[in-house]
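Notes for the structure review
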Amino acid sequence: MEHYDLIRSRRKTLALEVTADGRLLVRAPLRCAQARIDAFVSAHAAWIEKHLTIQRERAASRPPAPTAAEIEALKARARAELPEKIARWSEKMGVRPTGFKVTAARKRYGSCSAKNSLCFSCFLMRCPEPAVELVVVHELCHIREKNHGPGFYALLARYLPDWRERKRLLSMN
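Just so you know, these numbers come straight off a predicted model, no measurement behind them.

Quick notes on the rules
- Residues numbered from 1 in each chain as written.
- Predicted model: local features only at pLDDT ≥ 70, side-chain atom pairs only at ≥ 80, totals over all residues.
- Heavy atoms only, no water.
- Helix = DSSP H or I, 4+ residues; strand = E, 2+ residues; numbered from the N terminus.
- Expected span 1.5 Å × (residues − 1).
- Buried < 20%, exposed > 50% of the residue type's maximum accessible area, 1.4 Å probe, protein only.
- Arc of directions from axis to C-beta.
- Contact = heavy atoms within 4.5 Å.
- Axes fitted to C-alpha atoms, helices over the stretch in contact; angles between N-to-C directions.
- Parallel < 35°, antiparallel > 145°, perpendicular 65-115°, else oblique.
- Left-handed = near helix turned anticlockwise from the far one by under 90°.
- Nonpolar A, V, L, I, M, F, W, Y, C, P; charged D, E, K, R; others polar.

Next up on the list: helix 2 (residues 45-61). With 17 residues, helix 2 should cover 24 Å at 1.5 Å per step; its first-to-last C-alpha distance of 24 Å lies within 8% of that length. Looking only at helix 2, the buried set comprises Ile48, Leu52 and Gln55. Seen end-on, helix 2 carries its buried residues on one side only, within an arc spanning 65 degrees. Exposed side of helix 2, more than 90 degrees from the buried face: Ala46, Lys50, Glu57, Ala60 and Ser61 are the residues found there. Taken together, the buried residues of helix 2 touch strand 2 (15-18), strand 3 (24-29) and helix 1 (34-43).

Close contact between helix 4 (residues 129-144) and helix 5 (residues 150-159) brings their axes to 10 Å; oriented N to C, the two are set at 135 degrees. Between helix 4 and helix 5, the angle falls in the class oblique. Viewed along their axes, helix 4 and helix 5 form a crossing whose handedness is right-handed. Packed against helix 4, whose contacting residues are Leu134, Val137, His138, Cys141, His142 and Arg144, the element helix 5 presents Phe152, Leu155, Leu156 and Tyr159 at the interface. When grouped by side-chain class, the residues that make up the contact of helix 4 with helix 5 number 7 nonpolar, 2 polar and 1 charged.

Here you go:
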């Protein structure tokens, strides 16, 4: 039987999860018997093996994590290049961000706060130039439209009619 981490909570059912780092999590109700949990894991051995294999393959194909020096270099490049793009597009769009910062966020390339402060991931600098511009314009659009409704996409299309093609460039990185 595969080794697993057990998480008990106030749930009613058993569940399996294979994490991105290849660990097996079993979620179980507080009073579920250990024998029942073990039987559940054994009954799903084929599913577990399949998904562990998938995660191992993904991990092997991922590039190595960037070093601290590489992250600092990307941040420096972002701080040097993004303000000019933000200023140019802000003027075209007639909006004014209240701030700008660069982080090492891994899940999203950019965000716009409720107070119209923009935040960009340094990893955006690994993307092609048209994709970088898309993220800048996307976040500037959020100054006017705080959600991703039809009005937001109409505004985005007004400034970047080719935003869909640019978005494909983002997903390739």
